[in-house]
Amino acid sequence: MNDKRVHFATETTESSKSLAEVNGSVNVPMDGGYWKTLLAYIGPGALVAVGYMDPGNWITSIAGGASYKYTLLSVILISSLIAMLLQAMAARLGIVTGKDLAQMTRERTSKGMGIFLWIVTELAIMATDMAEIIGSGIAIKLLFNIPLIIGIAITSLDVLILLLLMKLGFRKIEAIVATLVAVILFVFTYEVLLSQPSIGGILRGYIPDPNIVTHSSMLYLALGIVGATVMPHNLYLGSSISQTREIDRSNPQHVARSIRFTVTDSNIQLTVAFIVNCLLLILGAALFFGTNSHLGRFVDLFHALNNPQIVGAIASPVLSMLFAVALLSSGQSSTITGTLSGQIIMEGFIHLKMPLWAQRLLTRLLSITPVLIFAFIYHGNEAKIESLLTISQVFLSVALPFAIVPLVLFTSDKKIMGQFANRAWVKYTAWTIAIVLTILNVWLIVSTLQSVF
(Lines give C-alpha, C1' and ligand atoms only; values in the text may rest on other atoms or scores of the structure.)
Protein backbone atom coordinates (compact mmCIF):
# COMPACT_ATOMS: atom_id res chain seq x y z
CA MET A 1 0.00 0.00 0.00
CA ASN A 2 2.82 2.33 0.92
CA ASP A 3 4.59 1.72 -2.41
CA LYS A 4 1.45 2.68 -4.31
CA ARG A 5 1.17 5.87 -2.33
CA VAL A 6 4.77 6.84 -2.97
CA HIS A 7 4.47 6.01 -6.69
CA PHE A 8 1.32 8.11 -6.99
CA ALA A 9 2.87 11.06 -5.17
CA THR A 10 6.07 11.10 -7.23
CA GLU A 11 4.13 11.28 -10.51
CA THR A 12 3.70 15.04 -10.04
CA THR A 13 5.75 16.74 -12.76
CA GLU A 14 7.36 20.16 -12.62
CA SER A 15 4.73 21.66 -14.93
CA SER A 16 1.82 20.27 -12.90
CA LYS A 17 3.03 21.37 -9.50
CA SER A 18 0.72 23.61 -7.50
CA LEU A 19 2.12 27.18 -7.42
CA ALA A 20 5.09 25.80 -9.34
CA GLU A 21 7.18 28.95 -8.92
CA VAL A 22 7.36 28.46 -5.13
CA ASN A 23 6.63 24.74 -4.77
CA GLY A 24 9.34 23.13 -2.61
CA SER A 25 11.29 26.40 -2.62
CA VAL A 26 11.81 26.68 1.16
CA ASN A 27 14.60 24.58 2.62
CA VAL A 28 13.99 22.77 5.91
CA PRO A 29 16.71 21.39 8.21
CA MET A 30 16.92 17.60 8.19
CA ASP A 31 18.89 17.27 11.39
CA GLY A 32 17.96 20.44 13.31
CA GLY A 33 16.30 20.64 16.70
CA TYR A 34 12.55 20.96 17.21
CA TRP A 35 12.41 24.76 17.42
CA LYS A 36 14.77 25.31 14.47
CA THR A 37 12.69 22.96 12.35
CA LEU A 38 9.40 24.52 13.46
CA LEU A 39 10.74 27.97 12.56
CA ALA A 40 11.42 26.72 9.03
CA TYR A 41 7.82 25.54 8.73
CA ILE A 42 6.25 28.65 10.28
CA GLY A 43 4.63 30.86 7.65
CA PRO A 44 2.02 29.11 5.49
CA GLY A 45 -0.33 28.99 8.47
CA ALA A 46 -0.36 32.80 8.61
CA LEU A 47 -1.57 33.00 5.00
CA VAL A 48 -4.37 30.59 5.80
CA ALA A 49 -5.26 32.28 9.11
CA VAL A 50 -5.90 35.71 7.58
CA GLY A 51 -8.92 34.25 5.81
CA TYR A 52 -10.42 33.54 9.22
CA MET A 53 -10.12 37.16 10.35
CA ASP A 54 -10.81 39.03 7.12
CA PRO A 55 -13.12 42.08 6.98
CA GLY A 56 -16.06 39.77 6.27
CA ASN A 57 -15.80 38.47 9.84
CA TRP A 58 -15.60 41.84 11.53
CA ILE A 59 -19.18 43.06 11.38
CA THR A 60 -20.57 39.65 12.39
CA SER A 61 -18.28 39.26 15.40
CA ILE A 62 -18.69 42.82 16.68
CA ALA A 63 -22.46 42.70 16.14
CA GLY A 64 -22.54 39.40 18.05
CA GLY A 65 -20.94 41.08 21.06
CA ALA A 66 -23.06 44.22 20.77
CA SER A 67 -26.29 42.19 20.62
CA TYR A 68 -25.64 39.28 23.01
CA LYS A 69 -22.59 40.33 24.97
CA TYR A 70 -20.19 37.38 25.46
CA THR A 71 -22.64 34.52 24.76
CA LEU A 72 -21.42 33.81 21.21
CA LEU A 73 -17.77 33.36 22.20
CA SER A 74 -18.54 29.63 22.35
CA VAL A 75 -19.52 29.75 18.67
CA ILE A 76 -16.17 31.31 17.75
CA LEU A 77 -14.41 28.58 19.74
CA ILE A 78 -16.28 25.77 18.00
CA SER A 79 -15.78 27.37 14.58
CA SER A 80 -12.04 27.68 15.20
CA LEU A 81 -11.74 24.01 16.21
CA ILE A 82 -13.57 23.02 13.02
CA ALA A 83 -11.21 25.21 11.00
CA MET A 84 -8.16 23.58 12.59
CA LEU A 85 -9.39 20.09 11.67
CA LEU A 86 -10.26 20.97 8.08
CA GLN A 87 -7.04 22.90 7.46
CA ALA A 88 -4.99 20.02 8.88
CA MET A 89 -6.70 17.70 6.40
CA ALA A 90 -6.03 20.10 3.52
CA ALA A 91 -2.34 20.36 4.43
CA ARG A 92 -2.03 16.57 4.71
CA LEU A 93 -3.59 16.13 1.25
CA GLY A 94 -1.07 18.48 -0.35
CA ILE A 95 1.96 17.05 1.42
CA VAL A 96 1.14 13.39 0.75
CA THR A 97 -0.10 13.60 -2.86
CA GLY A 98 1.88 16.56 -4.17
CA LYS A 99 -1.37 17.98 -5.54
CA ASP A 100 -3.73 20.63 -4.24
CA LEU A 101 -7.46 20.17 -3.66
CA ALA A 102 -8.39 21.76 -7.00
CA GLN A 103 -6.06 19.45 -8.94
CA MET A 104 -7.29 16.37 -7.11
CA THR A 105 -10.94 17.30 -7.64
CA ARG A 106 -10.43 17.97 -11.36
CA GLU A 107 -8.58 14.66 -11.83
CA ARG A 108 -11.53 12.71 -10.48
CA THR A 109 -14.36 14.44 -12.30
CA SER A 110 -15.50 14.75 -15.90
CA LYS A 111 -14.59 17.78 -17.99
CA GLY A 112 -18.09 19.23 -17.65
CA MET A 113 -18.18 18.73 -13.89
CA GLY A 114 -14.70 20.20 -13.64
CA ILE A 115 -15.85 23.39 -15.40
CA PHE A 116 -18.95 23.57 -13.19
CA LEU A 117 -16.88 23.20 -10.02
CA TRP A 118 -14.42 25.82 -11.30
CA ILE A 119 -17.26 28.32 -11.84
CA VAL A 120 -18.69 27.68 -8.36
CA THR A 121 -15.27 27.97 -6.74
CA GLU A 122 -14.37 31.05 -8.78
CA LEU A 123 -17.55 32.73 -7.53
CA ALA A 124 -16.48 31.86 -3.98
CA ILE A 125 -13.06 33.46 -4.59
CA MET A 126 -14.76 36.56 -5.98
CA ALA A 127 -17.14 36.66 -3.02
CA THR A 128 -14.28 36.38 -0.54
CA ASP A 129 -12.23 39.00 -2.35
CA MET A 130 -15.18 41.40 -2.38
CA ALA A 131 -15.10 41.69 1.40
CA GLU A 132 -11.37 42.40 1.40
CA ILE A 133 -11.60 44.93 -1.44
CA ILE A 134 -14.52 46.74 0.22
CA GLY A 135 -12.77 46.71 3.59
CA SER A 136 -9.50 48.02 2.14
CA GLY A 137 -11.25 50.68 0.05
CA ILE A 138 -13.23 51.98 3.02
CA ALA A 139 -10.11 51.94 5.23
CA ILE A 140 -8.23 54.02 2.64
CA LYS A 141 -11.10 56.51 2.56
CA LEU A 142 -11.24 56.75 6.36
CA LEU A 143 -7.48 57.15 6.74
CA PHE A 144 -6.68 59.44 3.79
CA ASN A 145 -10.07 60.91 2.84
CA ILE A 146 -9.73 59.48 -0.65
CA PRO A 147 -12.98 58.85 -2.59
CA LEU A 148 -14.14 55.27 -2.17
CA ILE A 149 -14.05 54.46 -5.90
CA ILE A 150 -10.40 55.55 -6.10
CA GLY A 151 -9.61 53.62 -2.89
CA ILE A 152 -11.11 50.45 -4.36
CA ALA A 153 -9.06 50.92 -7.55
CA ILE A 154 -5.89 51.37 -5.46
CA THR A 155 -6.43 47.94 -3.91
CA SER A 156 -5.67 46.39 -7.31
CA LEU A 157 -2.06 47.54 -6.92
CA ASP A 158 -1.39 44.83 -4.35
CA VAL A 159 -1.23 42.43 -7.30
CA LEU A 160 1.96 44.21 -8.40
CA ILE A 161 3.31 43.99 -4.85
CA LEU A 162 2.57 40.27 -4.80
CA LEU A 163 4.40 39.76 -8.11
CA LEU A 164 7.47 41.50 -6.68
CA LEU A 165 7.34 39.45 -3.50
CA MET A 166 7.06 36.20 -5.47
CA LYS A 167 10.35 37.06 -7.17
CA LEU A 168 11.98 37.74 -3.82
CA GLY A 169 10.80 34.42 -2.38
CA PHE A 170 7.77 32.95 -0.66
CA ARG A 171 9.19 33.65 2.79
CA LYS A 172 8.87 37.39 2.06
CA ILE A 173 5.14 36.97 1.44
CA GLU A 174 4.79 35.03 4.67
CA ALA A 175 6.69 37.72 6.58
CA ILE A 176 4.53 40.55 5.16
CA VAL A 177 1.29 38.75 5.98
CA ALA A 178 2.50 37.81 9.47
CA THR A 179 3.39 41.48 10.10
CA LEU A 180 -0.09 42.61 9.02
CA VAL A 181 -1.65 39.99 11.29
CA ALA A 182 0.50 41.27 14.17
CA VAL A 183 -0.82 44.80 13.54
CA ILE A 184 -4.43 43.56 13.72
CA LEU A 185 -3.71 41.62 16.91
CA PHE A 186 -2.01 44.60 18.55
CA VAL A 187 -4.75 47.08 17.65
CA PHE A 188 -7.62 45.02 19.00
CA THR A 189 -5.72 43.87 22.08
CA TYR A 190 -5.07 47.53 22.90
CA GLU A 191 -8.68 48.58 22.28
CA VAL A 192 -10.09 45.68 24.31
CA LEU A 193 -7.78 46.45 27.25
CA LEU A 194 -9.01 50.04 27.19
CA SER A 195 -12.63 48.88 27.17
CA GLN A 196 -12.12 46.95 30.45
CA PRO A 197 -14.32 43.93 29.67
CA SER A 198 -15.68 41.53 32.29
CA ILE A 199 -13.20 38.65 32.66
CA GLY A 200 -15.84 36.48 34.32
CA GLY A 201 -18.31 37.21 31.55
CA ILE A 202 -15.72 36.29 28.93
CA LEU A 203 -14.94 32.94 30.57
CA ARG A 204 -18.64 32.10 30.86
CA GLY A 205 -19.06 32.99 27.20
CA TYR A 206 -16.95 30.00 26.14
CA ILE A 207 -19.53 27.64 27.68
CA PRO A 208 -22.21 26.87 25.03
CA ASP A 209 -25.57 28.40 25.95
CA PRO A 210 -28.75 26.45 24.98
CA ASN A 211 -30.39 29.81 24.18
CA ILE A 212 -28.22 30.01 21.06
CA VAL A 213 -30.30 27.24 19.50
CA THR A 214 -33.71 28.29 20.80
CA HIS A 215 -33.40 32.06 20.21
CA SER A 216 -33.96 32.59 16.45
CA SER A 217 -32.12 35.90 16.04
CA MET A 218 -29.21 34.68 18.16
CA LEU A 219 -29.06 31.46 16.10
CA TYR A 220 -29.01 33.48 12.88
CA LEU A 221 -26.07 35.56 14.10
CA ALA A 222 -24.30 32.44 15.37
CA LEU A 223 -24.66 30.80 11.97
CA GLY A 224 -23.34 33.99 10.40
CA ILE A 225 -20.20 33.69 12.53
CA VAL A 226 -19.74 30.04 11.49
CA GLY A 227 -20.39 30.85 7.84
CA ALA A 228 -17.94 33.74 7.86
CA THR A 229 -15.27 31.64 9.56
CA VAL A 230 -15.14 28.42 7.52
CA MET A 231 -14.57 29.48 3.89
CA PRO A 232 -13.83 27.26 0.88
CA HIS A 233 -10.89 29.14 -0.62
CA ASN A 234 -8.78 28.51 2.48
CA LEU A 235 -8.97 24.75 1.93
CA TYR A 236 -7.60 25.10 -1.62
CA LEU A 237 -4.95 27.53 -0.40
CA GLY A 238 -3.88 25.32 2.50
CA SER A 239 -3.52 22.23 0.31
CA SER A 240 -1.21 24.17 -2.00
CA ILE A 241 1.06 26.27 0.21
CA SER A 242 1.73 23.27 2.46
CA GLN A 243 3.93 22.17 -0.45
CA THR A 244 6.21 25.22 -0.36
CA ARG A 245 8.58 23.33 1.95
CA GLU A 246 10.98 20.67 0.69
CA ILE A 247 9.30 17.26 0.88
CA ASP A 248 10.90 13.88 0.17
CA ARG A 249 7.77 11.88 -0.65
CA SER A 250 9.75 8.70 -1.12
CA ASN A 251 10.47 8.74 2.62
CA PRO A 252 7.33 8.14 4.76
CA GLN A 253 9.14 9.41 7.86
CA HIS A 254 9.90 12.72 6.17
CA VAL A 255 6.31 13.00 4.98
CA ALA A 256 5.05 12.37 8.53
CA ARG A 257 7.49 14.96 9.84
CA SER A 258 6.33 17.54 7.28
CA ILE A 259 2.70 16.91 8.20
CA ARG A 260 3.41 17.27 11.91
CA PHE A 261 5.22 20.60 11.65
CA THR A 262 2.89 22.03 9.00
CA VAL A 263 -0.17 21.22 11.11
CA THR A 264 1.54 22.71 14.17
CA ASP A 265 2.15 25.93 12.24
CA SER A 266 -1.47 25.93 11.04
CA ASN A 267 -2.85 25.45 14.56
CA ILE A 268 -0.63 28.19 16.01
CA GLN A 269 -1.73 30.71 13.38
CA LEU A 270 -5.41 29.70 13.60
CA THR A 271 -5.18 30.21 17.35
CA VAL A 272 -4.11 33.79 16.61
CA ALA A 273 -7.14 34.14 14.31
CA PHE A 274 -9.32 32.74 17.09
CA ILE A 275 -7.96 35.34 19.51
CA VAL A 276 -8.58 38.17 17.01
CA ASN A 277 -12.18 37.07 16.44
CA CYS A 278 -12.71 36.83 20.19
CA LEU A 279 -11.26 40.33 20.63
CA LEU A 280 -13.67 41.65 18.00
CA LEU A 281 -16.66 40.14 19.80
CA ILE A 282 -15.39 41.24 23.23
CA LEU A 283 -14.89 44.78 21.90
CA GLY A 284 -18.45 44.78 20.61
CA ALA A 285 -19.74 43.53 23.97
CA ALA A 286 -17.67 45.87 26.16
CA LEU A 287 -18.31 49.04 24.16
CA PHE A 288 -21.63 48.64 22.42
CA PHE A 289 -23.81 46.18 24.38
CA GLY A 290 -26.90 47.98 25.62
CA THR A 291 -26.20 51.19 23.67
CA ASN A 292 -28.73 50.43 20.90
CA SER A 293 -26.12 51.58 18.39
CA HIS A 294 -26.47 50.72 14.71
CA LEU A 295 -23.26 48.88 13.87
CA GLY A 296 -24.05 47.44 10.46
CA ARG A 297 -21.16 49.08 8.61
CA PHE A 298 -17.41 49.66 8.94
CA VAL A 299 -17.98 53.43 8.86
CA ASP A 300 -20.45 53.14 11.76
CA LEU A 301 -17.82 51.36 13.86
CA PHE A 302 -15.18 53.92 12.92
CA HIS A 303 -17.35 56.83 14.08
CA ALA A 304 -18.67 55.00 17.14
CA LEU A 305 -15.13 54.62 18.56
CA ASN A 306 -14.85 58.41 18.49
CA ASN A 307 -18.24 59.04 20.10
CA PRO A 308 -18.28 59.44 23.93
CA GLN A 309 -22.07 58.93 23.98
CA ILE A 310 -21.56 55.38 22.70
CA VAL A 311 -18.22 54.10 24.03
CA GLY A 312 -17.79 56.47 26.99
CA ALA A 313 -14.68 58.20 28.20
CA ILE A 314 -12.22 56.13 26.13
CA ALA A 315 -13.63 57.55 22.86
CA SER A 316 -10.92 59.23 20.80
CA PRO A 317 -9.79 59.79 17.20
CA VAL A 318 -6.83 57.49 17.95
CA LEU A 319 -9.14 54.51 18.51
CA SER A 320 -10.93 55.24 15.25
CA MET A 321 -7.66 55.58 13.33
CA LEU A 322 -6.31 52.33 14.82
CA PHE A 323 -9.52 50.59 13.76
CA ALA A 324 -9.03 51.84 10.18
CA VAL A 325 -5.36 50.76 10.19
CA ALA A 326 -6.37 47.28 11.35
CA LEU A 327 -9.09 47.16 8.69
CA LEU A 328 -6.58 48.08 5.98
CA SER A 329 -4.10 45.48 7.30
CA SER A 330 -6.81 42.83 7.29
CA GLY A 331 -7.97 43.70 3.80
CA GLN A 332 -4.50 43.76 2.29
CA SER A 333 -3.30 40.54 3.90
CA SER A 334 -6.48 38.77 2.82
CA THR A 335 -6.31 40.04 -0.77
CA ILE A 336 -2.78 38.65 -1.12
CA THR A 337 -3.97 35.18 -0.13
CA GLY A 338 -7.14 35.56 -2.19
CA THR A 339 -5.07 36.23 -5.30
CA LEU A 340 -2.95 33.14 -4.61
CA SER A 341 -6.12 31.09 -4.17
CA GLY A 342 -7.39 32.35 -7.52
CA GLN A 343 -4.25 31.12 -9.25
CA ILE A 344 -4.49 27.72 -7.53
CA ILE A 345 -8.09 27.27 -8.65
CA MET A 346 -7.52 28.41 -12.26
CA GLU A 347 -4.53 26.12 -12.71
CA GLY A 348 -6.10 23.21 -10.87
CA PHE A 349 -9.57 23.16 -12.41
CA ILE A 350 -9.09 24.42 -15.99
CA HIS A 351 -5.30 24.10 -16.44
CA LEU A 352 -5.12 27.74 -17.48
CA LYS A 353 -1.60 28.51 -18.64
CA MET A 354 -0.74 32.17 -19.06
CA PRO A 355 1.98 34.58 -17.90
CA LEU A 356 2.06 34.92 -14.12
CA TRP A 357 1.41 38.68 -14.16
CA ALA A 358 -1.60 38.24 -16.47
CA GLN A 359 -2.98 35.41 -14.37
CA ARG A 360 -2.80 37.42 -11.17
CA LEU A 361 -4.24 40.51 -12.86
CA LEU A 362 -7.14 38.47 -14.28
CA THR A 363 -7.87 37.00 -10.84
CA ARG A 364 -8.01 40.46 -9.30
CA LEU A 365 -10.09 41.97 -12.11
CA LEU A 366 -12.69 39.22 -11.74
CA SER A 367 -13.11 40.25 -8.11
CA ILE A 368 -12.79 44.01 -8.31
CA THR A 369 -15.08 44.56 -11.34
CA PRO A 370 -18.44 43.95 -9.58
CA VAL A 371 -17.35 46.14 -6.65
CA LEU A 372 -16.37 48.99 -8.98
CA ILE A 373 -19.66 48.66 -10.89
CA PHE A 374 -21.61 48.96 -7.63
CA ALA A 375 -19.40 51.87 -6.58
CA PHE A 376 -20.17 53.79 -9.80
CA ILE A 377 -23.88 52.97 -9.73
CA TYR A 378 -24.27 54.13 -6.13
CA HIS A 379 -21.77 57.02 -6.41
CA GLY A 380 -19.45 55.64 -3.73
CA ASN A 381 -22.17 55.17 -1.11
CA GLU A 382 -20.59 52.94 1.56
CA ALA A 383 -23.88 51.51 2.82
CA LYS A 384 -24.93 50.35 -0.65
CA ILE A 385 -21.50 48.95 -1.48
CA GLU A 386 -21.29 47.08 1.84
CA SER A 387 -24.59 45.38 0.93
CA LEU A 388 -22.42 43.30 -1.40
CA LEU A 389 -21.15 41.53 1.73
CA THR A 390 -24.57 39.89 2.15
CA ILE A 391 -24.49 38.66 -1.44
CA SER A 392 -20.94 37.41 -1.05
CA GLN A 393 -21.95 35.36 2.00
CA VAL A 394 -24.54 33.55 -0.12
CA PHE A 395 -21.88 32.60 -2.69
CA LEU A 396 -19.57 31.34 0.04
CA SER A 397 -22.37 29.26 1.53
CA VAL A 398 -23.16 27.68 -1.83
CA ALA A 399 -19.51 26.82 -2.54
CA LEU A 400 -18.58 25.40 0.86
CA PRO A 401 -19.88 21.81 0.40
CA PHE A 402 -18.08 21.58 -2.97
CA ALA A 403 -14.78 22.04 -1.12
CA ILE A 404 -15.40 20.14 2.13
CA VAL A 405 -16.94 16.96 0.67
CA PRO A 406 -14.08 16.25 -1.80
CA LEU A 407 -11.54 17.05 0.93
CA VAL A 408 -13.06 14.49 3.30
CA LEU A 409 -13.40 11.91 0.51
CA PHE A 410 -9.79 12.23 -0.66
CA THR A 411 -8.14 12.34 2.76
CA SER A 412 -10.16 9.32 3.92
CA ASP A 413 -9.20 7.22 0.85
CA LYS A 414 -6.30 4.86 1.59
CA LYS A 415 -5.66 4.39 -2.14
CA ILE A 416 -4.79 8.09 -2.28
CA MET A 417 -3.34 8.74 1.17
CA GLY A 418 -1.95 5.32 2.12
CA GLN A 419 -0.88 5.21 5.76
CA PHE A 420 -1.73 8.91 6.09
CA ALA A 421 -5.45 8.49 5.46
CA ASN A 422 -7.80 9.92 8.08
CA ARG A 423 -8.22 7.88 11.23
CA ALA A 424 -11.73 6.67 11.94
CA TRP A 425 -12.53 9.39 14.49
CA VAL A 426 -11.22 12.12 12.17
CA LYS A 427 -13.17 10.72 9.23
CA TYR A 428 -16.50 10.55 11.07
CA THR A 429 -15.97 13.89 12.79
CA ALA A 430 -15.20 15.48 9.42
CA TRP A 431 -18.31 14.00 7.81
CA THR A 432 -20.43 15.24 10.70
CA ILE A 433 -18.94 18.71 10.27
CA ALA A 434 -19.52 18.61 6.50
CA ILE A 435 -23.18 17.61 6.90
CA VAL A 436 -23.91 20.08 9.72
CA LEU A 437 -22.18 23.00 7.95
CA THR A 438 -24.01 22.24 4.72
CA ILE A 439 -27.38 22.23 6.51
CA LEU A 440 -26.56 25.43 8.39
CA ASN A 441 -25.40 27.19 5.26
CA VAL A 442 -28.52 26.16 3.34
CA TRP A 443 -30.53 27.64 6.22
CA LEU A 444 -28.45 30.82 5.99
CA ILE A 445 -29.02 31.08 2.24
CA VAL A 446 -32.78 30.70 2.60
CA SER A 447 -32.94 33.18 5.48
CA THR A 448 -30.75 35.71 3.66
CA LEU A 449 -32.75 35.50 0.45
CA GLN A 450 -35.99 35.87 2.40
CA SER A 451 -34.67 39.01 4.10
CA VAL A 452 -33.49 40.46 0.77
CA PHE A 453 -36.65 39.71 -1.20
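Our subject is the structure listed above.
Residues numbered from 1 in each chain as written. Predicted model: local features only at pLDDT ≥ 70, side-chain atom pairs only at ≥ 80, totals over all residues. Heavy atoms only, no water.

(A) A look at the overall build of the chain. When helices and strands are counted, the chain shows 23 helices and 0 strands. By the burial criterion, 59% of the 453 residues in the chain qualify as buried. Put simply, 82% of the contacts in the chain that link residues at least 6 apart link residues at least 24 apart. If you sum the accessible surface of the chain, you get close to 18200 Å²; carbon and sulfur atoms cover 67% of it. (Helix = DSSP H or I, 4+ residues; strand = E, 2+ residues; numbered from the N terminus. Buried < 20%, exposed > 50% of the residue type's maximum accessible area, 1.4 Å probe, protein only. Contact = heavy atoms within 4.5 Å. Areas by Shrake-Rupley, 256 points an atom, 1.4 Å probe, with all protein chains shown as cover.)

(B) Geometry of the packing of aromatic side chains. The full count for this structure, using the stated rule, is 10 aromatic pairs. Seen in terms of ring centroids, Tyr-34 and Phe-261 are 5.3 Å apart; in terms of plane orientation they differ by 40 degrees. Their pairing is tilted. One end of the pair, Tyr-34, is in helix α2 (residues 34-41); the other, Phe-261, is in helix α15 (residues 252-288), with 227 residues separating them in the sequence. On the basis of relative accessibility, which here comes to 42%, the residue Tyr-34 falls in the partly exposed class. (Phe/Tyr/Trp six-rings, centres within 6.5 Å; stacked < 30°, edge-to-face > 60°.)

(C) Structural detail: the pattern of salt bridges. Summed over the entire model, instances satisfying the criterion amount to 4 salt bridges. A salt bridge links Glu-107 to Arg-108, with the shortest nitrogen-to-oxygen separation between them at 2.9 Å. Between Arg-245 and Glu-174 there is a salt bridge, with its nearest N and O atoms 2.6 Å apart. Here the residue Arg-245 occupies a position in the loop between α14 (232-241) and α15, and Glu-174 occupies one in helix α10 (residues 170-195), the gap between them amounting to 71 residues. Residues Arg-245 and Glu-174 agree in their burial class; the two are buried. Through salt bridges with shared partners, a single ionic network connects Lys-99, Glu-107 and Arg-108. (Salt bridge = Lys/Arg side-chain N within 4 Å of Asp/Glu carboxyl O.)

(D) Structural view of the side chain of His-254. Mapped onto the elements, His-254 comes out in helix α15. Classification of His-254 as buried rests on a relative accessible area of 6%. Not counting residues up to four positions away in its chain, the partners in contact with His-254 are Val-28, Met-30, Tyr-41, Glu-246, Ile-247 and Asp-248.

(E) Molecular detail of unusual backbone geometry. The backbone phi angle of Leu-19 is positive, close to 45 degrees, even though this residue is not glycine. Positionally, Leu-19 belongs in the loop between α1 (2-9) and α2. Phi at Gln-196 takes a positive value of approximately 50 degrees, unusual for a residue other than glycine. As for its placement among the helices and strands, Gln-196 is situated in the loop between α10 and α11 (199-205). You can call Gln-196 exposed: its relative accessible area is 69%.

(F) Summary view of helix α4 (residues 55-68). Given a rise of 1.5 Å per residue, 14 residues ought to cover 20 Å, and the 21 Å separating the end C-alpha atoms of α4 matches this to within 8%. With 12 of 14 residues buried, α4 is to be regarded as a mostly interior element. For α4, every residue scored as buried is listed here: Pro-55, Asn-57, Trp-58, Ile-59, Thr-60, Ser-61, Ile-62, Ala-63, Gly-64, Gly-65, Ala-66 and Tyr-68. Positive backbone phi, approximately 55 degrees, marks Lys-69, located one or two places after α4. (Expected span 1.5 Å × (residues − 1).)

(G) Just the nonpolar core, in detail. Within the largest apolar cluster, 122 residues are counted, with the highest numbers of intra-cluster contacts made by Trp-58, Leu-72, Phe-188 and Phe-288. In terms of residue count, α15 provides more of this core than any other element does, 17 residues in total. Discounting chain neighbours no more than four positions away, the residues touching Leu-72 are Gly-64, Ile-212, Met-218, Leu-221, Ala-222, Ile-225 and Leu-281. Within the second largest apolar cluster, 6 residues are counted, among which are Ala-124, Ala-127, Met-231 and Leu-396. (Core = buried A, V, L, I, M, F, W, Y, C linked by side-chain atoms within 4.5 Å.)

(H) Main features of α2. Among all positions in α2, only Thr-37, Leu-38, Ala-40 and Tyr-41 are buried. When α2 is viewed along its axis, its buried side chains cluster within an angular range of 155 degrees and face the same direction. Facing away from the buried side of α2 by more than 90 degrees, the exposed set consists of Trp-35, Lys-36 and Leu-39. Elements in contact with the buried residues of α2: α3 (44-49), α10 and α15. Positive backbone phi, approximately 145 degrees, marks Gly-43, located one or two places after α2. (Arc of directions from axis to C-beta.)

(I) The arrangement of the packing of helix α7 (residues 111-144) against helix α18 (residues 317-350) in detail. At a minimum axis distance of 8 Å, the contact between α7 and α18 shows a crossing angle of 160 degrees. Regarding the angle of α7 to α18, the classification is roughly antiparallel. Note that α7 runs across α18; the crossing there is left-handed. (Axes fitted to C-alpha atoms, helices over the stretch in contact; angles between N-to-C directions. Parallel < 35°, antiparallel > 145°, perpendicular 65-115°, else oblique. Left-handed = near helix turned anticlockwise from the far one by under 90°.)

(J) The arrangement of the packing of α4 against α18 in detail. Viewed as axis vectors pointing N to C, α4 and α18 meet at an angle of 135 degrees, and their least axial separation amounts to 9 Å. Judged by the inter-axis angle, α4 sits oblique to α18. For the pair α4 and α18, the contacting residues are Pro-55, Trp-58 and Ile-62 in the first and Phe-323, Ala-326, Leu-327, Ser-330, Gly-331 and Ser-334 in the second. When grouped by side-chain class, the residues that make up the contact of α4 with α18 number 6 nonpolar, 3 polar and no charged. (Nonpolar A, V, L, I, M, F, W, Y, C, P; charged D, E, K, R; others polar.)

None of this, on its own, says anything about what the molecule does.
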